[in-house]
Amino acid sequence: MMGVPESRRTLSRYEFQAQATAIRTEVITLASGPLIPKSQRFLIAIPMSGTARLLVEHLTRAAAYWPNSQENAGMRRKYMTEAVADCELLMQDLQTAGMTCDRIKPSRVARLIAMLDREIALIKGARKNIRVIGSKE
């Protein structure tokens with residue numbers, strides 16, 4: 001959005017989906033890298049990668065429901081709530097990984113934590129603004 005001051009820019013409808021894909025990529029990089037020992041990848045890395053995949057899946061499912069009825073708006077909110085829960089679960093997984101793996105220090109996963117915090121804020125903001133199209137709310 002060239003020429004538009006940052007304070008006047010609006011949130012892209014798909015920014016949270018792009019952020020979720022970036023989070024998934026970051027989790028896969030963490031899971032396959034040297035920070036998590038091979039002996040602990042089955043217990044830590046694989047579940048984290050699965051949760052990151054679910055985050056993207058839930059947001060994709062939410063986008064599939066066009067809010068043209070109360071039921072569809074409710075389903076969109078439901079899947080967005082699931083996506084927020086996925087982010088929270090990834091945060092807990094990172095905390096557990098930090099307690100069980102000596103190599104994982106908070107500074108090494110700070111970028112991922114910041115991405116998850118931003119994703120939660122984006123999803124909650126989008127979820128709050130779901131309105132039934134054609135309604136006079």
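Residues numbered from 1 in each chain as written. Predicted model: local features only at pLDDT ≥ 70, side-chain atom pairs only at ≥ 80, totals over all residues. Heavy atoms only, no water.

Caption draft 1: View of a nonpolar patch on the surface. A cluster of nonpolar residues, Phe42, Leu43 and Ile46, forms a patch on the protein surface that exposes about 380 Å² of accessible area. Structurally, Leu43 can be placed in helix α2 (residues 38-64). Relative accessible area serves as the criterion here: at 65%, Leu43 is assigned to the exposed category. (Patch = residues over 30% accessible without salt bridge, like charges linked within 9 Å, V, L, I, M, F, W, Y side chains within 5 Å. Areas by Shrake-Rupley, 256 points an atom, 1.4 Å probe, with all protein chains shown as cover. Salt bridge = Lys/Arg side-chain N within 4 Å of Asp/Glu carboxyl O. Helix = DSSP H or I, 4+ residues; strand = E, 2+ residues; numbered from the N terminus. Buried < 20%, exposed > 50% of the residue type's maximum accessible area, 1.4 Å probe, protein only.)

Caption draft 2: Representation of helix α1 (residues 15-32). Along its 18 residues, α1 runs 26 Å from first to last C-alpha, staying within 8% of the 26 Å computed at 1.5 Å per residue. When we look at burial in α1, the residues that qualify are Phe16, Gln17, Gln19, Ala20, Ile23, Val27, Leu30 and Ala31. The buried residues of α1 occupy an angular sector of 155 degrees when the element is viewed end-on, so they sit on one face. For α1, the exposed residues lying more than 90 degrees away from the buried face are Ala18, Thr29 and Ser32. Lining the buried residues of α1 we find α2, α3 (70-100) and α4 (110-128). (Expected span 1.5 Å × (residues − 1). Arc of directions from axis to C-beta. Contact = heavy atoms within 4.5 Å.)

Caption draft 3: Molecular detail of the packing of α3 against α4. Taken N-terminus to C-terminus, the directions of α3 and α4 make an angle of 165 degrees; their axes are 10 Å apart at the nearest point. Between α3 and α4, the crossing angle belongs to the class labelled roughly antiparallel. Handedness of the α3/α4 crossing: left-handed. Facing α3, whose interface residues are Arg77, Met80, Thr81, Ala83, Val84, Cys87, Glu88, Leu90, Met91 and Leu94, α4 presents Leu112, Ile113, Leu116, Asp117, Glu119, Ile120, Ile123, Lys124, Ala126 and Arg127. Across the contact of α3 with α4, the residue classes tally to 13 nonpolar, one polar and six charged. (Axes fitted to C-alpha atoms, helices over the stretch in contact; angles between N-to-C directions. Parallel < 35°, antiparallel > 145°, perpendicular 65-115°, else oblique. Left-handed = near helix turned anticlockwise from the far one by under 90°. Nonpolar A, V, L, I, M, F, W, Y, C, P; charged D, E, K, R; others polar.)

Caption draft 4: Focus on the nonpolar core. Judged by nonpolar contacts, the single largest core of 38 residues is most densely connected at Ile23, Leu30, Leu55, Leu116 and Ile123. When contributions to this core are tallied by element, the ones reaching two or more residues are α1, α2, α3 and α4. Sorting elements by how many residues they give to this core places α3 first, with ten residues. Contacts of Leu30, omitting those with residues within four sequence positions, involve Leu35, Ile36, Met48, Leu94, Val109 and Leu112. (Core = buried A, V, L, I, M, F, W, Y, C linked by side-chain atoms within 4.5 Å.)

Caption draft 5: Structural detail: the environment of Ile133. Within the secondary structure, Ile133 is located in the segment after α4. Spatially, the C-alpha atoms of Ile133 and Pro67 are 6.0 Å apart, while their sequence positions differ by 66 residues.

In short, the description is geometric, and any link to function would need to be established separately.
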